[in-house]
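Coordinate analysis (summary)
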Amino acid sequence: MAMTQHCSPLHQDRSVGLFERAKQVLPGGVSSPVRAFGAVGGSPPVITSASGARVTDVDGNEFLDFVGSWGPLILGHAHPEVTAAVAAAVSRGTTYGAPTPSEVELAERLTAIYPGLEKVRFTSSGTEAVMSAIRLARGVTNRDLIVKFAGCYHGHADHLLVSAGSGLVTFGQPSSAGVPAAFAEKTLVLDLDDEEAFDTLIDERGEEIAAVLIEPIPANNGLLVQHAEFLAKLKLRTAGVGALLIFDEVINGFRVARGGAAELFGITPDLATFGKVIGGGLPVGAFGGRAEYMDQLAPLGPVYQAGTLSGNPVAMTAGLSTLEILEREDAWTKLEQLGQALEERISPILEAAPFPARLVRVGSIFWMSLQEGEAPRRADAIEPGAAEIYQRIFHGLLLRGITIAPSAYEVGFLSLAHTAADLDLLAVALSETLNEFTD
Ligand SMILES: *Cc1c(COP(=O)(O)O)cnc(C)c1O
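In this text, all values refer to a predicted model and were calculated from it rather than measured experimentally. (Residues numbered from 1 in each chain as written. Predicted model: local features only at pLDDT ≥ 70, side-chain atom pairs only at ≥ 80, totals over all residues. Heavy atoms only, no water.)

**What about the overall build of the protein?**
Assigned secondary structure in the protein consists of 13 helices and 17 strands. A globule of 439 residues ought to have a C-alpha radius of gyration of about 22 Å, and the protein, at 22 Å, matches this closely. Over its C-alpha atoms, taken along the principal directions, the protein stretches across nearly 60 × 55 × 45 Å. Every one of the 439 residues in the protein was classed for burial, and the buried ones make up 54%. Pairs at least 24 residues apart make up 72% of the contacts formed inside the protein by residues separated by at least 6 positions. (Helix = DSSP H or I, 4+ residues; strand = E, 2+ residues; numbered from the N terminus. Rg over C-alpha atoms; globule rule 2.2 N^0.38 Å. Buried < 20%, exposed > 50% of the residue type's maximum accessible area, 1.4 Å probe, protein only. Contact = heavy atoms within 4.5 Å.)

**Considering the sheet that holds strand β2 (residues 54-57)**
With respect to topology, four strands assemble into an open sheet ordered β1-β2-β3-β16, the strand pairing being mixed. At either margin of the open sheet sits one strand with a lone partner, and together these are β1 (47-51) and β16 (402-403). Here three bridges tie β2 to strand β3 (residues 62-65), and the two strands are oriented antiparallel to one another. Bridge assignment links threonine 56 to a residue of β3, and that residue is glutamate 62. (Pairing = 2+ DSSP bridges.)

**Notes on the site of the ligand**
Every residue close to the ligand is listed here: Ser125, Gly126, Thr127, Tyr153, His154, Gly155, Glu215, Asn220, Asp248, Val250, Ile251 and Lys276. Within the side chain of asparagine 220, a nitrogen or oxygen atom sits 2.9 Å from an oxygen atom of the ligand. Here a nitrogen atom of the ligand and a side-chain polar atom of aspartate 248 are 2.7 Å apart. Relative to its unbound accessible surface of 380 Å², the ligand loses 83% to contact with the protein. Looking at the shell around the ligand residue by residue, the classes come out as three nonpolar, six polar and three charged. (Near = heavy atom within 4 Å. Polar contact = N/O pair within 3.5 Å; in protein donor to acceptor, adjacent residues only side chain to side chain. Areas by Shrake-Rupley, 256 points an atom, 1.4 Å probe, with all protein chains shown as cover. Nonpolar A, V, L, I, M, F, W, Y, C, P; charged D, E, K, R; others polar.)

**Some remarks on the domain arrangement of the protein**
Here the protein is partitioned into domain 1 (13-66 + 330-438) and domain 2 (80-328). Relative placement of domain 1 and domain 2: their C-alpha centres are 26 Å apart. Counting from both sides, the interface comprises 20 residues of domain 1 and, opposite them, 27 residues of domain 2. Between domain 1 and domain 2, roughly 2100 Å² of surface is buried when both sides are summed, and carbon and sulfur atoms account for 63% of that area. Contact with domain 2 buries surface across domain 1, with Trp332, Arg377 and Arg378 losing the most and accounting together for 38% of the total. As a salt-bridge pair, arginine 378 and aspartate 191 come within 2.8 Å of each other at their nearest N and O atoms. Applying the counting rule to domain 1 against domain 2 returns twelve residue pairs in polar contact (both at pLDDT 80 or more). (Domains from an automatic or database assignment. Buried area = accessible area lost by both parts, 1.4 Å probe. Salt bridge = Lys/Arg side-chain N within 4 Å of Asp/Glu carboxyl O.)

**Focus on the packing of helix α2 (residues 80-91) against helix α10 (residues 313-328)**
At their nearest, the axes of α2 and α10 sit 9 Å apart, and the two run at 155 degrees to each other. It follows that α2 is roughly antiparallel to α10 by the angle criterion. For the element pair α2 and α10, the recorded crossing hand is right-handed. From α2, Glu81, Val82, Ala85, Val86, Ala89 and Val90 reach across to α10, where they touch Pro313, Val314, Thr317, Ala318, Ser321, Thr322, Ile325 and Arg328. Of the residues contributing to the contact of α2 with α10, the split by class is nine nonpolar, three polar and two charged. (Axes fitted to C-alpha atoms, helices over the stretch in contact; angles between N-to-C directions. Parallel < 35°, antiparallel > 145°, perpendicular 65-115°, else oblique. Left-handed = near helix turned anticlockwise from the far one by under 90°.)

**Comments concerning the packing of aromatic side chains**
Within the structure shown, the criterion is met by eight aromatic pairs. Each ring, one from phenylalanine 66 and one from phenylalanine 366, has its centre 6.0 Å from the other, and the planes form 75 degrees; the classification is edge-to-face. Linking phenylalanine 66 in the loop between β3 and α2 with phenylalanine 366 in strand β15 (residues 365-369), this pair joins segments that are 300 residues apart in sequence. Geometrically, the ring pair formed by tyrosine 114 and phenylalanine 254 is tilted, given 6.3 Å between the ring centres and 50 degrees between the ring planes. Residue tyrosine 114 is located in the loop between α3 (101-113) and β4 (119-123), and its partner phenylalanine 254 is located in the loop between β11 (244-248) and α8 (260-265); the two are separated by 140 residues in the primary sequence. The residues tyrosine 114 and phenylalanine 254 share a single accessibility class, namely buried. Directly above the ring of phenylalanine 437 sits arginine 392, whose terminal nitrogen or CZ lies 4.1 Å from the centroid. (Phe/Tyr/Trp six-rings, centres within 6.5 Å; stacked < 30°, edge-to-face > 60°. Lys NZ or Arg CZ within 6 Å of the ring centre and 35° of its normal.)

**Considering helix α1 (residues 13-25)**
For α1, spanning 13 residues, the distance from its first C-alpha to its last is 19 Å, which sits close to the expected 18 Å at 1.5 Å a residue. Residues of α1 that are buried: Ser15, Phe19 and Ala22. Down the axis of α1, the buried set is contained in an arc of 55 degrees. They therefore lie on one face. Facing away from the buried side of α1 by over 90 degrees, the exposed positions are Asp13, Arg14, Arg21 and Gln24. Turning to α1, the residues buried within the fold contact β2. (Expected span 1.5 Å × (residues − 1). Arc of directions from axis to C-beta.)

**Re helix α11 (residues 331-351)**
With 21 residues, α11 extends 29 Å from end C-alpha to end C-alpha; this agrees with the ideal 30 Å at 1.5 Å per step. Turning to α11, its buried residues are Ala331, Trp332, Leu335, Leu338, Gly339, Ala341, Leu342, Ile346, Ser347, Ile349 and Leu350.

Printed below as a string of structure tokens:
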């Protein structure tokens, strides 16, 4: 990649050495694919510590971080109160495989905050939460088909690694090797922001559908902000045919607003799934909804779901501590203000860029749309050409000590640890980077 560098190159000897070792024993050198920098090139910094809004790599480089471990770290890294609470919990034992007070307290807190949430079950990841919610919806409705939308990510369960087939309303096709076509056929894939296609599907097959699953603010393939009317339509029509509406709030939940996207849009789903923020940086997922549905889970009902480490006191404590701090700090107001401050600094820079660009933002989640016209609302409206420009922006910022997600399709996250001065640093680094485009 040809790039003029006005600042010294990164010293990455140790990171490069470790990543070479990693590749010998971990496929691609990573434990989750996007971390390998495949979409942007180069060798990823190998991180050894983090605090507040900053991460430090094995070469001693410090980066101002807008990845936030992909969403959980709404308070920033290693928040002292959270780490103290976790340390205290660890010293009392890390898992009991038995009921424990912190899971009750976290469940009480979640159900008090999130619209329509009466009962929850904890898991250890968002993937598990969504997978379990789908099983519950199928068990409750005694139907097999589920509907998802292209561009929404729901974790890596088999029946969700599915993309649209050809034609208007079609059965899904596996989007990963190893997913049987027979599983994918139970998943129907529609485009976001297309009320007509959704109406057609419900008219034709509504009575066979167990659940309609959506990220209310899709944030895993760009930030594809939906019209409230579209979500309202999903709610209305699922109710009409006895299908359940599932909001996948693994990213949105307890981040975009106190009560997640459900509160923001004023739409209460039948079931919701959570992860990321509710674990405060530890592995936690949850799903929940009306008691009448949730009581269909084992041990009360016929839908099986379980987990050895589910509800363990360390993870529950991290989540509880995080939510307590969010409430106390009036975090959602502050994060919106911080988001506005980001927009004020970044939008003018993007408008002046030598290519079309705009900032898309909902609260503390942001994304750069690098194409002409309105911000896209569906996956196929994103122009793939943007990836090349993004790659240059990414490396320009990295050289200047700032990390954003290593993929044009991933969003950025603000946390309570980011300051106005941090946003200034980003603005300066971004303008310098964009100036190089005309060199
Ligand atoms: C991250 C994410 C998941 C998967 O959660 P994991 O904890 O990575 O398994 C599911 N749904 C959405 C919307 C997510 O953002």
